[in-house]
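A structural walkthrough
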There are 2 protein chains.
Amino acid sequence: MPDSIQTVLDQVAKKVVPSMAERERMSQLADRLKGQVQTILDKAGFRGNVSVQGSFARDTWLSGEADLDIFASFPPTMERREWTERVLPEIRKGIRAKTIDRYAEHPYLEFHIDNIRVNVVPCYSVEKGDWKSATDRTPYHTEYMKQHLTKEMRLEARLMKRFMKGIRSYGAEIRVGGFSGMLVETLILHYRSFLETIVQASTWKPIIILDIEKAIGSQDPRAREIGSPLVVIDPIDPNRNLAAAVRDDKLWGFVAASRQLQKNPGTWYFFPPKFKPKTKAQFSKLLAHQNRDVAAISFEHAPIVPDVLWGQLLKIEKSMTELMTRQDFHPVRSTVWSDEARSSAILVELDASILPEVQLREGPPVSKMDDSQGFLDRHLDARDTVRGPWIEADRWVVDKERRILSIPQLVIAALKDPRLGLTVPDQLNNYFRQNVRVLENRKILALLGREGFDQALSEFLAAKPAWLKTHH
Amino acid sequence: MPDSIQTVLDQVAKKVVPSMAERERMSQLADRLKGQVQTILDKAGFRGNVSVQGSFARDTWLSGEADLDIFASFPPTMERREWTERVLPEIRKGIRAKTIDRYAEHPYLEFHIDNIRVNVVPCYSVEKGDWKSATDRTPYHTEYMKQHLTKEMRLEARLMKRFMKGIRSYGAEIRVGGFSGMLVETLILHYRSFLETIVQASTWKPIIILDIEKAIGSQDPRAREIGSPLVVIDPIDPNRNLAAAVRDDKLWGFVAASRQLQKNPGTWYFFPPKFKPKTKAQFSKLLAHQNRDVAAISFEHAPIVPDVLWGQLLKIEKSMTELMTRQDFHPVRSTVWSDEARSSAILVELDASILPEVQLREGPPVSKMDDSQGFLDRHLDARDTVRGPWIEADRWVVDKERRILSIPQLVIAALKDPRLGLTVPDQLNNYFRQNVRVLENRKILALLGREGFDQALSEFLAAKPAWLKTHH
C-alpha cells in the first residue's frame, strides 16, 4: 500500500514547521540585524526606516532554510542612485559577514550570518499604488498576508513551498523562473489549502486567472494583454500579475507534479534524493549511451551579479539554440550551468552535430523575374555551388557547399559573422568571444568537478524530472 | 559574339520544317492508314467515320518526329465498352505492326509503322459541348486550328514545340506532365509568334489566364476554382483549361528557359546534346561526390499500359517521399525511372539516410489532463522509452527508441504496417510488396544498363537542367 496523501503531508509538516527553539534563534537574529541596520542608517544620517519582511515576518518560512529579509524604506524624494552609491556601501561596511551583491529590479545585499541568508533591501515608503521601485510593494504584501493568512493556512503555505522547492518550481529569481513566496501564499489564500490547490491546479488550462480581491473565476480582459498562461492578480496591486515571471516549464511542471502527487503520493516530491556523485567513468558511460551528441559551449568570465549573469546566460542559450536550428543542426534540449562566479556553459543535446557537406538552398519562385535573375547570377557559376540551380515545383533551388559542418565551426563562424545572428549580451560578450570553448561528448568531462557541474550534467542527461516515478 | 536569337531561330526552322519529300511520304502513309482503318470498321459493321487528326492534320508536326493520329468517330449511342471489347481488337488484328496498348482517358492503340508512331483513337461524333469522351474535342481542335493558324504561325508553333521538347516541357502524357500540342498552338495563336510567346511567358505570374475567344487579359473567376497557375481556355470549350495537367516544374521550367533563351541564345535549348554513355567507374565517382545519400527503391512488375504505370509510379514517389519526411529522413529530391515494361524505380536523394537510435516524440500540452495521463501511461514505463518523459515549455515530450533507422528498414516497416501511411496503387501493389529492393549509393549501379536507366540516373545526379548554361 502506498502512503495516502494525508500521511505524506503529515510527515512533511513535521519537517517544515520550525521548532520553538529555531523560531527563537531567528527572532533574535532578526531583531539584532534590524537594530544594526537601523543604527547604521541613523548614524549616516539617512532618513530610513528598517523593518523585517518576507516569509519570516509572515511566519511562512521553512524550518532549516529560512531567509531573513531586512527592508530599509526611504522617503520617495531620495534618488535611487544614492542607494547604490551611499546606502548599500555603508551597510556593507557596517555588517561583518560574507556579502554577495544581488540584483532584482534594483541592487540589494545578501549576507550569510549563522548559516542564514540575510537580504538587506532598500525600498521607498510610498502610498499604495504610487510605486517607485519593485520592492515598495513588499511591506504591503507582508501586511496583507499577516492579516489574511490563518495559522492553518501558514502550514499549508509551508507545505506548498516545500513541494515547489522539491519539484524545482519554487523561486522568482531569473535562474529558476518559478513561483515566488508571495505567489504561493496568494494561491493558498485563494484555494484555502495545499490539497485544494493541487487538485485545482491539476485542471488548470491556459489562461488561468485568479483574483482573490474580486469574484472568483471572473474573466479578466487584462489576461490577454499580459500574455501569461497564469495570471494571479496581486491582492495589493490589481495591475500586477504575481505569476508574470513564471516560465512555462515551471508552471506546467507544477501542474503535472500536482496530478502525479495525487496519483502516486510520496515524500520524494517534497524532499528529492540528494545528488549522488558519479565517477568520471560513470559519466563517460552515460554519454556513450545517450545516443545523441552533447555539446558544452563553455566560457570563463568575471564575476557579475548572479541575477544579471543568469539573465544573460539564458539569452545566450536561446540565441545559440535558435542559431543551431537555423543552420540545420537539430538541437533537442538545452540547459545552462554556471558556478555563479567565473565559469558558465550552455549544454545542448543534438540530433545532428555533423552535417553533410552540401546544403540545399531555396531560392525565389520562378515567377519573380528579378529575384530569379539575381539568384542565377549569384549561384550559376559560383565556386561554392555544388549542383544546380534547378527548379523544384515553382521555385529555384541550389545545392551549396556547406561552410559550417560542426558546432565548433558554427561558434567560430558566429563570432566572426554578425549576419549569423548570434547575440551575446554586453556584459558577457568579450569574455564569450575571447575564451569560449566547444566541448563535445566525452570532452565535456573536462568540466567535471566544477561547482554544481556534475549535478547539472547528470540531471541534463537524465532529462526526466526526479519526481516522476513509476506507480507501483 | 553569341548568336542572336533570330539567327538561332533560323537555324532551328531549317531543321523542324518538313521537306516536300517528307510531307509526301507522310501523306501517303496517312491516306493508306485512314483507308485501312475505315475498311476494317466497315467490314466489321461498325458505323465509324475515320479521319486524320493531330499535328499532321494541322501541319504543325516536326520534321523527323511526326506522329500520325487516326481518329475513328462513332455515334454517341455506341457503348464505350464496345471500343475496348470489339473495335480496338478488330483494328489490332487488321493492322500488322508493333502495337502498344495506350490509355489516356480511354484506351487507344499505338502502332509503329515505317518508324512513324501511329495512334488509332476512338471518339464520339457529338455536337460541340455534348462531350461524351475526352477525345471528342480533337476533331473540333483540328478544325479550329486549320481555320486560325496562318502559314507563318505554323512555323512559330513548330519552333515552340521543338523548344519545349528540348527543355523537357513538351507532352501531355502523365510521364511528362508538360504542354500538349493543342496548348502550344493556342499559345502561338494568342501571342502570334514564338518570340512574343517567350517574351510574355518570361513575365508570367500566377495566375495567368489566357482566353483567345474573349477579350485579352480579362480576369476569369473560373481560375480560382480550377486551381492551376496557368489557365488557357480551350477555344472550343470555355469550361476546359488546356493547361490543367501541366505540372509546376514543367510550367516554370518553360518560363525560366524562355528568359534564359533571350539572355543567352543558342540552339541547345531546341536540340539538347545526346546523352553520352558513362562507365560504371564514372557513375561510381559521381555517386561518391554527391555528398548525400542516394537510394533507389526498385521493383519488377508485369507490363501495364504506360500512362497507367506512370500515374501509379508518380503516386508511389509522392507517398514514399512524404513517408520519409514524416519519419525524419530528409529527402531532398526524387525522380521516377521506368523501362515502361517490367522494371521501375524511385530515385531519392537524402540528407539523412541513417538516423540516430533515439527519436524525440512530442506529447500533449500538460494542460490537457486526460491526454497527458494517456501519454504518461504509454511512455513512463515502456521498454522502448529511452529517456523521460519530461516537460518542454508547456508540453510533454519523450525520447523513444527509434525502430526505423534506414531506408531499407523504412520500406520493410511500411509494407508491414499500414499506419505508416505508404500507399501503393492497386495495380502495382502486389509487385511492389513482393519484390521491392532498396539499393543505396554504389549498390544502385546494379541497375545500370537497363532501358533508359543510365540517362535517368545521370540527369538525376546532375540536377541542373541541361539548357541552363553559363553566359560567356
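Residues numbered from 1 in each chain as written. Chains lettered and ligands numbered in written order. Predicted model: local features only at pLDDT ≥ 70, side-chain atom pairs only at ≥ 80, totals over all residues. Heavy atoms only, no water.

1. A word on the relation of the copies chain B and chain A
Filter applied, for reference: Least-squares fitting of one copy onto the other uses the C-alpha atoms of those residues that reach a pLDDT of at least 70 in both copies. We call two residues contacting when some pair of their heavy atoms lies within 4.5 Å.
By a simple turn and slide, chain B fits onto chain A: the slide is 0.0 Å along the axis, the RMSD is 0.0 Å, and the turn is 180 degrees. The transformation just described matches what one would write down for a two-fold rotation axis. Closest approach to the rotation axis among the C-alpha atoms of chain B is made by Ala352(B), whose C-alpha sits 4.8 Å away. In this assembly the copies share their binding face: 100% of the residues contributing to the interface of chain B also contribute to that of chain A.

2. Concerning the domain arrangement of chain A
Filter applied, for reference: Where a domain begins and ends is set by an automatic assignment or by a domain database.
On domain assignment, one finds that chain A holds domain 1 (18–140), domain 2 (149–269), domain 3 (280–354 + 404–462) and domain 4 (358–400). Once you take the C-alpha centre of each, domain 3 of chain A and domain 4 of chain A turn out to be 34 Å apart.

3. A closer look at the interface of chain B and chain A
You'll often see interface size given as the accessible area lost when the parts meet. Rule in force here: Defined in terms of a 1.4 Å probe, buried area is the accessible area two parts forfeit on being brought together, summed over both. Whenever a carboxyl oxygen of Asp or Glu lies within 4 Å of a side-chain nitrogen of Lys or Arg, that contact is scored as a salt bridge. Helix and strand assignments follow DSSP, with helices taken as H or I runs no shorter than four residues and strands as E runs no shorter than two, numbered in order from the N terminus. Put simply, Ala, Val, Leu, Ile, Met, Phe, Trp, Tyr, Cys and Pro go in the nonpolar bin, Asp, Glu, Lys and Arg in the charged bin, and everything else, Gly too, in the polar bin.
On the chain A side, the residues contacting the 57 residues of chain B number 57 residues. Between chain B and chain A the total buried area reaches about 4,300 Å² when both faces are included, carbon and sulfur atoms providing 59% of it. Of all residues in chain B, the largest losses of buried area upon contact with chain A belong to Arg259(B), Ser367(B) and Arg387(B), amounting jointly to 13% of the total for that side. Among the ionic pairs, Asp399(B) bridges to Arg292(A), the shortest N-O distance being 2.6 Å. Of all elements in the fold, only α10 (248–263), β10 (331–338), β12 (358–365), α13 (369–379), β13 (385–392), β14 (395–401) and α16 (453–462) of chain B reach the threshold of two or more residues within the side of chain B that touches chain A. Residue classes in the side of chain B that touches chain A are distributed as 24 nonpolar, 14 polar and 19 charged.

4. Some details on the sheet that holds β12(B)
Residues and elements named next belong to chain B. Spelled out, the test is: Criterion used throughout: strands pair if DSSP finds at least two bridges between them. Note on geometry: axes are lines fitted to C-alpha atoms, helical ones only across the stretch in contact, with angles between N-to-C directions running from 0 to 180 degrees.
Taken in spatial order, the 3 strands line up as β12-β14-β13 in an open sheet, and their pairing is antiparallel. A single partner strand is all that each edge strand has here, and the edge strands are β12 and β13. The average undirected angle you get between the axes of adjacent strands in this sheet is 20 degrees. In this structure, β12 lies alongside β14, joined through 6 bridges in antiparallel fashion. Directly across from Val358, in β14, lies its bridge partner Glu401. Here α13 sits on the sheet in contact with β12, β13 and β14, set at roughly 155 degrees to β12.

5. Examining the side chain of Thr186(B)
Residue and element names in this part refer to chain B. Worth spelling out the cut-off: Two N or O atoms form a polar contact when they lie within 3.5 Å of each other; inside protein one atom must be a possible hydrogen donor and the other a possible acceptor, and for residues adjacent in sequence the pair counts only when both atoms belong to side chains.
Here Thr186 lies in helix α7 (residues 181–191). Within polar-contact distance, the side chain of Thr186 engages the backbone oxygen of Met182 at 2.6 Å. Excluding residues that lie within four positions of it along the chain, Thr186 makes contacts with Met145, Ile212, Val232, Pro235 and Leu242.

6. Describing helix α8 (residues 194–201) of chain A
Residues and elements named next belong to chain A. Let me state the cut-off plainly: Think of it in three bands: with a 1.4 Å probe and only protein chains considered, a residue is buried below 20% of the maximum accessible area for its type, exposed above 50%, and partly exposed in between. Think of the arc as the fan of directions from the helix axis to the C-beta atoms.
Among all positions of α8, only Phe194, Thr197, Ile198 and Ala201 are buried. Angularly, the buried residues of α8 cover 90 degrees about the axis, an arc narrow enough to put them on a single face. Lining the buried residues of α8 we find α1 (5–16), α6 (151–166), α7 (181–191) and α10 (248–263).

7. Regarding the sheet that holds strand β11 (residues 343–350) of chain B
All names here are of chain B. With respect to topology, 4 strands assemble into an open sheet ordered β10-β11-β9-β15, the strand pairing being antiparallel. Pairing within the sheet leaves two strands with one partner each, and these edge strands are β10 and β15 (437–440). Taking the axes of each pair of neighbouring strands and ignoring which way they run, one obtains an average angle of 20 degrees across the sheet. The pairing of strand β9 (residues 293–300) with β15 spans 4 bridges and is classified as antiparallel.

8. Side note on the packing of helix α12 (residues 306–326) of chain B against helix α15 (residues 426–435) of chain B
All names here are of chain B. Defined as follows: Crossing handedness: left-handed means the near helix sits turned counterclockwise from the far one by under a right angle, and right-handed means the same turn made clockwise.
Relative to each other, α12 and α15 sit at 65 degrees, their axes nearing to 9 Å. The handedness of the crossing between α12 and α15 is right-handed. Side by side, α12 and α15 meet where Val308, Leu309, Gln312, Leu313, Ile316 and Met320 of the first sit next to Gln427, Leu428 and Phe432 of the second.

9. A word on the environment of Val118(A)
Residues and elements named next belong to chain A. If you trace the backbone, Val118 turns up in strand β5 (residues 116–124). As a C-alpha pair, Val118 and Ala97 span 21 residues in sequence and 10.0 Å in three-dimensional space. Beyond its immediate sequence surroundings of up to four residues, Val118 is in contact with Leu33, Leu68, Ile70, Leu109, Glu110, Phe111 and Ile113.

10. Examining the side chain of Gln38(B)
Residue position: Gln38(B) is located in helix α2 (residues 20–44). At a separation of 2.9 Å, a polar atom in the side chain of Gln38(B) contacts the main-chain carbonyl oxygen of Gly48(B).

11. A look at the environment of Ala256(A)
Assignment of secondary structure puts Ala256(A) in helix α10. Distance in space between the C-alpha atoms of Ala256(A) and Leu355(A) is 37 Å, their sequence separation being 99 residues. Once residues within four sequence positions are removed from consideration, Ala256(A) is found in contact with Trp467(A), Val366(B), Ile391(B) and Trp396(B).

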